[in-house]
Amino acid sequence: MKKWRPFATMPEQYIGLQEVINKQLEVAQPVLTEEQMEQMNFTLIEALHTNKQVYLTYK
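Residues numbered from 1 in each chain as written. Predicted model: local features only at pLDDT ≥ 70, side-chain atom pairs only at ≥ 80, totals over all residues. Heavy atoms only, no water.

Q: Help me out: how do you make sense of helix H2 (residues 34-50) in this one?
A: Each α-helix turn comprises 3.6 residues. Residues three or four places apart therefore point the same way. Taking 1.5 Å per residue, 17 residues should reach 24 Å; H2 reaches 24 Å between its end C-alpha atoms and fits that length. Positive phi appears at Asn51, one or two residues downstream of H2, with a value of about 60°. (Helix = DSSP H or I, 4+ residues; strand = E, 2+ residues; numbered from the N terminus. Expected span 1.5 Å × (residues − 1).)

Here it is, written out as structure tokens:
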């Protein structure tokens, strides 16, 4: 079942609204230092060799 979209009556409006929504959902790419990238790489390689799960998060 599709919800009623009062402002998307014309296809052009729907496309424009979808672009605005997508831009609001964008997350800026984090800027990592060389040390942070090396630490992350080391952690991933270690997890690969020991077959452990790794969770990466950034703020």
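Moving on from the model shown.
Q: What is the right way to look at a nonpolar patch on the surface in this model?
A: Residues Leu32, Met37, Met40, Leu44 and Leu56 make up a contiguous nonpolar surface patch of roughly 400 Å² in combined accessible area. Residue placement: Met37 occurs in helix H2. Given the relative accessible area of 38%, Met37 is considered partly exposed. (Patch = residues over 30% accessible without salt bridge, like charges linked within 9 Å, V, L, I, M, F, W, Y side chains within 5 Å. Areas by Shrake-Rupley, 256 points an atom, 1.4 Å probe, with all protein chains shown as cover. Salt bridge = Lys/Arg side-chain N within 4 Å of Asp/Glu carboxyl O. Buried < 20%, exposed > 50% of the residue type's maximum accessible area, 1.4 Å probe, protein only.)

Q: Just checking my understanding: could you explain unusual backbone geometry for this structure?
A: Glycine aside, the phi torsion of most residues is negative, and most peptide linkages are trans. The backbone of Asn51 sits at a positive phi, close to 60°, despite the residue not being glycine. Inspection of the secondary structure assignment puts Asn51 in the segment after H2. Its relative accessible area of 72% is what places Asn51 among the exposed residues.

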